[in-house]
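Secondary and tertiary structure notes
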Amino acid sequence: MFTGIIEEIGEIVAIAPAGDGWRLTVRAPRAAEDAVHGESIAVSGVCLTVVGSTADSFDTDVMKQTLDVAAIGSATIGTRVNIEKAMPVGARLGGHIVQGHVDGIGTVVEVRPGAQWSVLRISLPADLAPLVVDKGSISVDGTSLTVSAVSAPTDPSPWFEVSLIPETLAATTLGGRAVGDRVNLETDILARHVERLLAFRAAPEGGSR
């Protein structure tokens, strides 16, 4: 479990085939210094398991299904990634509950820089649009953000906006995002549970599951 508060920006320094997936080596000194085999680390919002580490990097395996559904599948050597270690029990929940289970990929369609902040407009798959609400929470590349605007339900090309404060621009990879960049999206787990509950409520009585 994560909170979406990014601890450092790491860099992918090696990519090796591993079956039908990848083994990634990520340079992230703060995360690696006390990383242990089997622990979870979120890499740009993707929950991955440490399989080896050095003083300044860690190795992790990424299965094909993750490569297919997350933007990490287009990463290359040198790609910068947001790093967050799992939340310890008893810690403050500074962002919101983030599982590290990517729901889909969004695309940056507009960047509006301001005097002290920047606004990103991000397109998202139509099936995720009902789960994103104005003033609600969303994880973008593992960063916990508050939605500042959403498209109308009738818009054929759904989008949402997030407003990034200077700290977020400096401490995460989002400060360098440009139009056309792909990002990992994880919607609010509470919204997903509600959607599933309503789907059962709406199903015909005695229908198949």
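Note that the structure is a prediction, hence the values are computed from the model and not measured. (Residues numbered from 1 in each chain as written. Predicted model: local features only at pLDDT ≥ 70, side-chain atom pairs only at ≥ 80, totals over all residues. Heavy atoms only, no water.)

**Points about the layout of surface pockets**
Put simply, the largest pocket is a space of about 310 Å³. T79, R80, D141, R177 and R182 are, among the 15 residues lining the largest pocket, the residues nearest its centre. Secondary-structure elements contributing two or more residues to the lining of the largest pocket are β6 (80-85) and β12 (182-187). Considering only residue class, the lining of the largest pocket consists of five nonpolar, six polar and four charged. (1 Å grid on protein atoms, 1.4 Å probe; cavity = no way out; pocket = protein on both sides within 12 Å on 5 of 7 lines; lining within 4 Å. Points joined across faces, edges and corners; volume = space filled by probe spheres on them. Helix = DSSP H or I, 4+ residues; strand = E, 2+ residues; numbered from the N terminus. Nonpolar A, V, L, I, M, F, W, Y, C, P; charged D, E, K, R; others polar.)

**Details of the packing of aromatic side chains**
Using the criterion set out here, one finds zero aromatic pairs in the structure. Across the ring face of W159, the terminal group of R121 is positioned such that the distance to the ring centre comes to 3.6 Å. (Phe/Tyr/Trp six-rings, centres within 6.5 Å; stacked < 30°, edge-to-face > 60°. Lys NZ or Arg CZ within 6 Å of the ring centre and 35° of its normal.)

**Regarding the confidence of the model for the protein chain**
Residues of the protein chain with pLDDT of at least 70 account for 98%, and the chain-wide mean is 93. Here helix α4 (residues 189-202) stands out as the element of the protein chain with the lowest mean pLDDT, 87, in contrast to β6, whose mean of 98 is the highest. (pLDDT = per-residue confidence, 0-100.)

**Focus: the nonpolar core**
Nonpolar side chains tend to gather and get buried jointly when the protein is soluble and globular. Core analysis: the biggest nonpolar cluster contains 20 residues, and L24, V26, I41, V43, F58, I72 and I83 have the highest contact counts within it. When sequence neighbours within four positions are dropped, the list of residues in contact with F58 reads L24, T25, V26, A28, A31, A32, I41, V43, V50, G52, S53 and I83. (Core = buried A, V, L, I, M, F, W, Y, C linked by side-chain atoms within 4.5 Å. Buried < 20%, exposed > 50% of the residue type's maximum accessible area, 1.4 Å probe, protein only. Contact = heavy atoms within 4.5 Å.)

**Here's the deal with the sheet that holds β6**
What the six strands build is a closed barrel, ordered β1-β2-β5-β4-β3-β6; its pairing is antiparallel. Along the sheet, successive strands turn relative to each other by an average axial angle of 45°, direction set aside. (Pairing = 2+ DSSP bridges. Axes fitted to C-alpha atoms, helices over the stretch in contact; angles between N-to-C directions.)

**Remarks on the pattern of salt bridges**
Counting across every chain of the model gives 14 salt bridges. For the salt bridge of R27 with D56, the shortest nitrogen-to-oxygen distance reads 3.9 Å. Of the two residues, R27 is situated in strand β2 (residues 21-27) and D56 in the loop between β4 (46-53) and β5 (57-62); the sequence distance between them amounts to 29 residues. Look at R27 and you get partly exposed, because its relative accessible area is 39%. The residue D103 makes a salt bridge to R192 at a minimum N-O spacing of 3.4 Å. With D103 in the loop between β6 and β7 (104-113) and R192 in helix α4, this residue pair connects regions lying 89 residues apart in the sequence. Through salt bridges that share partners, E110, R112, R121 and E161 make up one connected network. (Salt bridge = Lys/Arg side-chain N within 4 Å of Asp/Glu carboxyl O.)

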